[in-house]
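Spelled out from the first residue to the last, the chains are:
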Amino acid sequence: MAPCTKSGEERAPEPGILAPETSCQSVIGFEARRMGTLPGRKDIPPWVKVPEDLKDPEVLQVQTQLLEAMFGPAGSRIPYIEQVSKVMLELKVLESSGLTEVLVYGSYLYKLRAKWMLQSMAEWHRQRRERGMLKLEDAMKALQLGSWMK
């Protein structure tokens, strides 16, 4: 993946800002970065040890449409989740698949626990959305006028 700048050079990201003119951007205020590089956040939380906790993130993929339900509008719950979980989160959109990678940085046990928690949250929101769609489908079937209209 190419760097996320128009001219091709790497630059330090500005936390909380999306650059609409770039094609490889992620959601909720984080800029996409190449795998294998350290995250470019300037606001690394104090509980994350630099550089050892930033080298090997846990990665999970989440449906992009579930991100707002999980992390709140514009990612407003991310700082709270990071603080409670003692990890740092970074989001990276996989544009062609409708998925977003959530990279979890921190000490080994904290990042495994946070990954499990985020997977559970994503599954709960996915099932909730699916149940809502089934209820909507049933309601639409019930509203359809039956054979008495013929």
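Conventions and cut-offs
Residues numbered from 1 in each chain as written. Predicted model: local features only at pLDDT ≥ 70, side-chain atom pairs only at ≥ 80, totals over all residues. Heavy atoms only, no water. Pairing = 2+ DSSP bridges. Helix = DSSP H or I, 4+ residues; strand = E, 2+ residues; numbered from the N terminus. Axes fitted to C-alpha atoms, helices over the stretch in contact; angles between N-to-C directions. Patch = residues over 30% accessible without salt bridge, like charges linked within 9 Å, V, L, I, M, F, W, Y side chains within 5 Å. Areas by Shrake-Rupley, 256 points an atom, 1.4 Å probe, with all protein chains shown as cover. Salt bridge = Lys/Arg side-chain N within 4 Å of Asp/Glu carboxyl O. Expected span 1.5 Å × (residues − 1). Buried < 20%, exposed > 50% of the residue type's maximum accessible area, 1.4 Å probe, protein only. Contact = heavy atoms within 4.5 Å. Phe/Tyr/Trp six-rings, centres within 6.5 Å; stacked < 30°, edge-to-face > 60°. Lys NZ or Arg CZ within 6 Å of the ring centre and 35° of its normal. Core = buried A, V, L, I, M, F, W, Y, C linked by side-chain atoms within 4.5 Å.

Here we come to the sheet that holds strand β1 (residues 58-63). Spatial strand order, β1-β3-β2: three strands in an open sheet with antiparallel pairing. Unpaired on one side and paired on the other, β1 and β2 (88-94) mark the two borders of the sheet. For this sheet the average axis-to-axis angle between neighbouring strands, irrespective of direction, equals 25°. Inspection of the sheet shows β2 paired to strand β3 (residues 99-105) by seven bridges, in the antiparallel sense.

A cluster of nonpolar side chains, Tyr108, Leu109 and Leu112, forms an exposed patch at the surface whose accessible area comes to about 340 Å². With respect to the helices, strands and loops of the structure, Tyr108 is situated in helix α3 (residues 108-143).

The next thing to look at is α3. Compared with the 52 Å implied by 1.5 Å per residue over 36 residues, the 53 Å span of α3 between its first and last C-alpha is a close match. The set of residues buried in α3 consists of Lys111, Ala114, Lys115, Leu118, Ala122 and His125. On its buried face, α3 is in contact with β1, α1 (67-71), α2 (78-85), β2 and β3.

Let us now look at the pairing of β3. The buried fraction of β3 amounts to six of the seven residues, a majority that puts the element mostly inside the structure. As paired strands, β1 and β3 are joined by six bridges and run antiparallel to one another. The partner of Gln61 across the bridge, within β3, is Glu101. Here β2 folds back onto β3 in antiparallel fashion, the turn holding four residues, of which Gly98 has a positive phi close to 75°.

All right, on to the environment of Thr64 then. Looking at the secondary structure, you find Thr64 in the loop between β1 and α1. For Thr64, a relative accessible area of 27% gives the class partly exposed. Here the alpha-carbon distance between Thr64 and Val93, two residues 29 residues apart in the chain, equals 7.7 Å.

All right, on to unusual backbone geometry then. Val50 connects to Pro51 through a cis peptide bond whose omega is -5°. The residue Pro51 is located in the segment before β1 in this model. The backbone of Ala74 sits at a positive phi, close to 55°, despite the residue not being glycine. We note that Lys86 has phi near 60°; this positive angle belongs to a residue other than glycine.

Scanning all chains against the criterion turns up zero aromatic pairs. One cation-aromatic arrangement involves Lys86 over Trp47; the distance from NZ or CZ to the ring centre is 5.4 Å.

We now examine the nonpolar core. If you look at the biggest cluster of nonpolar residues, it comprises 16 residues, and the most contacted ones within it are Val62, Met70, Phe71, Leu89, Val102, Val104 and Leu118. Elements represented by at least two residues in this core include exactly β1, α1, α2, β2, β3 and α3. Residue contacts for Val62: discarding those within four places in its chain leaves Leu67, Met70, Gly98, Leu99, Thr100, Val102 and Ala122. Judged by nonpolar contacts, the second largest core, of five residues, contains Leu54, Met88, Leu103 and Tyr105.

Let us now look at the pattern of salt bridges. Enumeration according to the criterion identifies four salt bridges in this entry. Ionic pairing is found between Glu123 and Arg126, a salt bridge with its closest N-O pair at 2.6 Å. With a gap of three residues between them, Glu123 and Arg126 both fall in helix α3, about one helical turn apart. Here Glu123 falls in the partly exposed class, since its relative accessible area comes to 33%. Measuring nitrogen to oxygen at the nearest pair gives 2.9 Å for the salt bridge that ties Arg126 to Glu130. In this pair, Arg126 and Glu130 are both assigned in helix α3, four residues apart and thus about one turn of the helix distant.

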